[in-house]
Every structure is written in structure tokens, then in C-alpha cells.
Amino acid sequence: MIPWLFISGLLLMVYGIINGLFYAPSDYQQGDAFRIIYVHVPAAYISMMAYSLMAFAAFIALIWRIKIAHAVIVSAAPLGAWFTFLALLTGSLWGRPMWGTWWEWGDPRLTSELLMLFLYLGYMALRASIPNITKADKLSAILILIGAINIPIIHYSVEWWTSLHQGSTLLKSGGPSIAAPMLYPLLASIIGLSLFFGSLLLIRTKAEVLKREKHSRWIKDMILGDEV
Amino acid sequence: MIEFFAMDYAYYVYISFLSFITVVIICTNNAFKHHKITLDRIKNTIHQMSDDNET
Amino acid sequence: MPKKLSLIAGFMAMFRRDLLQYIKSPSQLLNPLIFFIMITAAFPFAVNAEKAQLVQIGPGIIWVMAILSYLLTLHHLYLDDAEDGCLDYIILSPQPLPLLVLAKICAHWISSGLPLIIISPIIGIIYQMQVDTILIMIATLFFGTFALSLVGSIGASLTISINNSNILVSLLVLPIMMPVLIFGARTIELYQSGATTMSGLYFIGAYCMFALSFSPFASAAALRIGAD
């Protein structure tokens, strides 16, 4: 399953980006700089989805004590942190031509994305400093849940504070406010990046489970079975 | 098809696309490497154990 | 058979014990306060000390420094008890742990938050604030520091099993404290520029209540896991 996800994700992403980069007509207001949307929006979307996923997994792990959920959280964190960083970087690159500044403190989405990066880093720092794995799992899951209050703040901050950031392009009532030749590459790159993220997450989780269960019988059987 | 460097703000656009690709590559590389290293390590210990059993 | 204490008696006993402990070591109480005063007094030396500028940056500096000096006090919350073993008894006691945690948080707020609020008018005067602005500042600090105690308790309880956890606590807690900082400082600024301030105060109050509803439970869970 992993290779299928990986390859289809990669293909969709390549399609979306190439189309977005070269073929989509340029925006009449923003010119060609709007093309950054094809990397900025998917990255921001993934960074939030990764965090929601981690919060969901943390919830499951703490309530029903399912071990694999912890492995999912651990594997999702570095990926999420990378894409948060990417969303910040491209957001800032987009802000420079559009707003005339690299960084706009008044913009709530930019700042809460930064806070989310701090949450990811704090999570990883907490994990790294607790040697006992089960303890680290549970404590960091609590931290994730607490940090999850940050996600609604990110989402609603657009309405809470007036800001420079344009409203969301996709999630509007009355259909997306974007022309079809611009829209399809965007959707393709979002879905593609999600699939890609999913495949990487699965690989990392697999490795994490292997690491945690290295003394158990089935792993030994599996590896010896592979070699026969 | 649009000219490569003729679009406005070309550098901003290209830097952001390049950074995107870089991050994707870094993540992929990390994930596969991580997976391979764990697998190798486990294989080594298992082989060691079976070697110990034989001797 | 020992006499069973009522919930309120248990709360009061814990509360009184913690307060006594804080009173008996005045240097613990005073050092963060002195730090607060010295740092805020250092700013006018570092930046240009013109009156208009001081008025402009005052609220922000006071709030940031209040949070910093607050972070210095957080490790007294659980770490001292964890070191001499009292914490195990507290966890084992028949009283519900979230209640005892809440008692500890209240004692911590009275010993660290209230003194901060009491000396804040002096800092306000240094920063050329008007009397009514100082009143608004006290109101924001009042709710804000209580929210800081609540949120900080989570960070402190997550890290009890780690040595040298001071910086880590700050890393974990700062992003979660950020809404308090933003609204605290902005409310004072808004008041200075003559706009309405009640919404900011409401927000801090709401955040405080929200933290009150989950912080004792999260801290109690983290303490249980950490003390295993």
C-alpha cells in the first residue's frame, strides 16, 4: 500500500505544481506571485492536518491506551514541523511582494502558524528529554492535547482580528472563488501532498513500531522469514 | 506556457517552489533512512542472537 | 481509622501548607519580583527614554517581563515537593488530586501573582502611564497571572521527572501563554488610544475560566504519570 500512496501522491503533486507554475493564467490582481499558492496552501494545510491528527491520536492513546497511536504521534511530529516551517517560509515569501514586508506581526494566521511551529518544537524537546519511552509517550500526549487549543485559535483568528490576510479561497459558501484552470492544480497539489504525507507517515510509523517491538517474537519471525 | 524568468516576482516564486521541493526531499530521505536503519539494527541483533545460539 | 477529611478541608489544608512554605522562604518570593523590577527598569536605559515612546512600549514590556519572571517561579510549584518526596504522598492521598493541584495553583498565584500585581503600579509610573491606564493594567494582570499560574502548572507538572527542566518549561508553556500576552498588552494599548477595552478583558477572563476547567485535570494526570 505504501508504494501506491507514495507514487500517486507524488504524481498528483508534480501535476499540480507544474500546472500551477507554468500553465495557470496569472491573477489579474496579484500577477504571477499568486503562484506561490500552489505550495503555500498545501503546506499550511498539511501542517494543520498533521497537528489535528496528532491531537486525535493523543486522545485515542490516552483514553483507550492503544500503543500504536503513540507511534503515530512520534512519526507525525517531525513531518508536521517541516511543513509548518515551509508554510511560514512561503508565506513570508508571498508577503514580500504582496504586502511589501517579509513578516507582518498584525497577521494572525502567520503568527499562529509560528506558534504552532513552537508547539511542534516543544513537543519534540519534551520527548527528547524523557528517557523512559512510555512516560515520554503519555506526557507528550498530554502536551499535544493542551496545544490543540491552538488549532481553533488559528482557524478563527481570521475572524477575531481584522487583518491583512486574504480570506480563505477554497472554503467559501457559494463555491470556491477561483477559476477552474487555477483550481484544479491547487486541488491536485493539496491532495497529492496529503497522500505523500500519508505515505511518509506510514513508513515512519512502521519503523517506529519495529523499534518499539524489537524484542517481540513476530518481528523475529518476519525478518527471518524474509530472508529464507 | 509561461516564460521562465519573464513572470513578475519570478525570484520569489522560484525560491518558494525550490524550498518546497527541498522540504519534500528532506522528509522523504529522512523517512526512508530512518526505516532502513531500524531494520538493519534489528536484523543485526537477531543475527547476533542466532550466532550466539549456534556457538 | 483516620478521620476522613471533607473536600473543602483537604483543599484548605493543602492551600495553607503551600502558602506557609512560600512565606517561610521569602527569597523565593522576592527574587522574581526584584528581577521584574530591574529588567523593566533597564529598558528605558537601553532604548530611547522619551516620554511618548515609553508610553508606547510600556504595556508590552511590562507584560513580557511579567511572564518571564513568572516562568522563574514555576518550578517551585511541584519540583520542590517532588525532590523531598512530599509529592508522592500528595498523589497517594485519598483526596482527589485535581483538587489538591488547584489548591497548589491558588497558593502559587497568591504568592507570585499578587505581589507582581501589587508592584506593577510602580512600574506603570516609571513608564509614564496615567492612573486610569494603571487600573486597566492591574485588571488585565489580575486575570492574566491567574491564567499563567494555571497554564504554567501544566508545564511544570509535565517536566517533574526531568533534571534542569527550567528552560524546557519555558519552551512548552510560552506558546500556550501567548494569547494571554497578546490580549493583555493589546488591551492596555487600546485603552491608551481611547478605544473600548472590555472585549480584551472579557477575552482574558474567558481564557482564564477555560484554563481553570482543564488545567487541574491535565496537571493531575501529568503528575501521576511523571511520578510512576
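Basis of the calculations
Residues numbered from 1 in each chain as written. Chains lettered and ligands numbered in written order. Predicted model: local features only at pLDDT ≥ 70, side-chain atom pairs only at ≥ 80, totals over all residues. Heavy atoms only, no water. Helix = DSSP H or I, 4+ residues; strand = E, 2+ residues; numbered from the N terminus. Buried < 20%, exposed > 50% of the residue type's maximum accessible area, 1.4 Å probe, protein only. Contact = heavy atoms within 4.5 Å. Areas by Shrake-Rupley, 256 points an atom, 1.4 Å probe, with all protein chains shown as cover. Buried area = accessible area lost by both parts, 1.4 Å probe. Salt bridge = Lys/Arg side-chain N within 4 Å of Asp/Glu carboxyl O. Polar contact = N/O pair within 3.5 Å; in protein donor to acceptor, adjacent residues only side chain to side chain. Axes fitted to C-alpha atoms, helices over the stretch in contact; angles between N-to-C directions. Parallel < 35°, antiparallel > 145°, perpendicular 65-115°, else oblique. Left-handed = near helix turned anticlockwise from the far one by under 90°. Nonpolar A, V, L, I, M, F, W, Y, C, P; charged D, E, K, R; others polar. Phe/Tyr/Trp six-rings, centres within 6.5 Å; stacked < 30°, edge-to-face > 60°. Expected span 1.5 Å × (residues − 1). Arc of directions from axis to C-beta. pLDDT = per-residue confidence, 0-100. Core = buried A, V, L, I, M, F, W, Y, C linked by side-chain atoms within 4.5 Å.

**Structural notes on the overall build of chain A**
Moving on, step 1. If you tally the helices and strands in chain A, you get 8 helices and 0 strands.
Moving on, step 2. Relative to its full complement of 228 residues, chain A shows a buried share of 51%.
Moving on, step 3. By sequence separation, contacts in chain A at least 24 residues apart represent 75% of the contacts at least 6 residues apart.
Moving on, step 4. With an accessible surface of roughly 10600 Å², chain A has 68% of that area assigned to carbon and sulfur atoms.

**Topic: the interface of chain A and chain C**
Moving on, step 1. Opposite the 18 residues of chain A that make contact, chain C presents 24 residues.
Moving on, step 2. When chain A packs against chain C, the two sides together hide about 1900 Å² of surface, and 85% of this comes from carbon and sulfur.
Moving on, step 3. Our enumeration of links across chain A and chain C arrives at 0 salt bridges.
Moving on, step 4. On the surface where chain A and chain C come into contact, there are 1 residue pair in polar contact (both at pLDDT 80 or more).
Moving on, step 5. The element best represented in the side of chain A that touches chain C is helix α4 (residues 108–129) of chain A, accounting for 7 residues.

**Examining the pattern of salt bridges**
Moving on, step 1. Summed over all chains, the structure comprises 8 salt bridges over all chains.
Moving on, step 2. Between A:Asp137 and A:Arg212 there is a salt bridge, with its nearest N and O atoms 2.9 Å apart. Of this pair, A:Asp137 sits in helix α5 (residues 133–147) while A:Arg212 is found in helix α7 (residues 180–212), placing the two residues 75 residues apart along the sequence.
Moving on, step 3. When its relative accessible area of 24% is taken as the criterion, A:Arg212 is described as partly exposed.
Moving on, step 4. The residue B:Asp40 makes a salt bridge to B:Lys36 at a minimum N-O spacing of 3.5 Å. With B:Asp40 and B:Lys36 both in helix α1 (residues 10–54) and 4 residues apart, this pair spans about one turn of that helix.
Moving on, step 5. Among the ionic contacts, a cluster of salt bridges with common partners joins A:Arg127, A:Asp137, A:Glu208 and A:Arg212.

**What to know about the packing of helix α2 (residues 37–64) of chain A against α5(A)**
Residues and elements named next belong to chain A.
Moving on, step 1. Relative orientation of the contacting elements α2 and α5 amounts to 130°, with a least axis distance of 9 Å. With respect to their mutual orientation, α2 and α5 come out oblique. The way α2 lies across α5 gives a crossing that is left-handed. Between α2, through Tyr51, Met54, Ala55, Ala58, Phe59 and Leu62, and α5, the contact on the second element is made entirely by Lys138, Ala141, Ile142, Leu143, Ile144, Leu145 and Gly147.
Moving on, step 2. In the contact of α2 with α5, the residues fall into 11 nonpolar, 1 polar and 1 charged.

**Re the packing of aromatic side chains**
Residues and elements named next belong to chain C.
Moving on, step 1. Scanning the model with the defined rule gives 8 aromatic pairs over all chains in all.
Moving on, step 2. Ring centres of Phe11 and Phe15 lie 6.2 Å apart, and the angle between their planes is 10°; on these two criteria the pair is classed as stacked. Here Phe15 and Phe11 lie together in helix α1 (residues 7–24), a separation of 4 residues that amounts to about one turn. Across this residue pair, the class does not change: Phe11 and Phe15 are buried.
Moving on, step 3. Ring centres of Phe210 and Phe214 lie 5.1 Å apart, and the angle between their planes is 75°; this geometry places the pair in the edge-to-face category. Taken together, the residues span about one helical turn, with Phe210 and Phe214 both in helix α9 (residues 198–227) at a distance of 4 residues.
Moving on, step 4. One aromatic cluster is present, formed by Trp109, Phe142, Phe143 and Phe146 through successive ring pairs.

**Some points on helix α2 (residues 26–46) of chain C**
All names here are of chain C.
Moving on, step 1. The terminal C-alpha atoms of α2, which comprises 21 residues, lie 30 Å apart, in line with the 30 Å expected from a rise of 1.5 Å per residue.
Moving on, step 2. Those residues of α2 that fall on the buried side of the exposure criterion are Pro32, Leu33, Phe36, Thr40 and Pro44. Viewed along the axis of α2, the buried residues span an arc of 120°, placing them on a single side of the element. Facing away from the buried surface of α2 by more than 90 degrees, the exposed residues are Met38, Phe45 and Ala46.
Moving on, step 3. On its buried side, α2 packs onto α3 (51–73) and α6 (97–126).

**Here's the deal with the confidence of the model for chain A**
All names here are of chain A.
Moving on, step 1. When pLDDT is averaged along chain A, the result is 74; 69% of the residues meet or exceed 70.
Moving on, step 2. Looking across chain A, the model is least confident in helix α6 (residues 150–160), with a mean pLDDT of 57, and most confident in α2, with 86.
Moving on, step 3. pLDDT under 50 marks residues 161–165. Its contacts with residues more than four places away, or in other chains, come to 13 contacts.
Moving on, step 4. When the criterion is pLDDT under 50, residues 172–176 qualifies, and its contacts beyond four places in sequence or with other chains add up to 4 contacts.

**Thoughts on the side chain of A:Glu113**
Moving on, step 1. Here A:Glu113 shows up in helix α4.
Moving on, step 2. In terms of polar contacts, A:Glu113 uses its side chain to reach the side chain of A:Ser47, at 2.8 Å.

**Description of helix α4 (residues 75–84) of chain C**
Residues and elements named next belong to chain C.
Moving on, step 1. Buried within α4 are the following residues: His76, Leu77, Tyr78 and Asp81. Mapping the buried residues of α4 onto a view down its axis gives an arc of 165°, with all of them on the same face.
Moving on, step 2. Just past α4, the residue Gly85 takes up positive phi, approximately 90°.

**Examining the nonpolar core**
Moving on, step 1. Judged by nonpolar contacts, the single largest core of 132 residues is most densely connected at C:Tyr78 and C:Leu158.
Moving on, step 2. Of the residues forming this core, the biggest block, 14 residues, is contributed by α2(A).
Moving on, step 3. Once residues within four sequence positions are removed from consideration, C:Leu158 is found in contact with A:Leu126, A:Leu139, A:Ile142, A:Leu143, C:Leu172 and C:Ala222.

**What to know about unusual backbone geometry**
Residues and elements named next belong to chain A.
Moving on, step 1. A positive phi angle, near 55°, is found at Arg65, a position not held by glycine.
Moving on, step 2. Relative to the helices and strands, Arg65 resides in the loop between α2 and α3 (67–99).
Moving on, step 3. Residue Arg65 is classed as exposed on the basis of its relative accessible area of 64%.

**Looking at the environment of C:Asp80**
All names here are of chain C.
Moving on, step 1. Inspection of the secondary structure puts Asp80 in helix α4.
Moving on, step 2. Taking the relative accessible area as the measure of exposure, Asp80 reaches 27% and is therefore partly exposed.
Moving on, step 3. Apart from residues lying up to four places away in sequence, Asp80 is in contact with Gln28 and His75.

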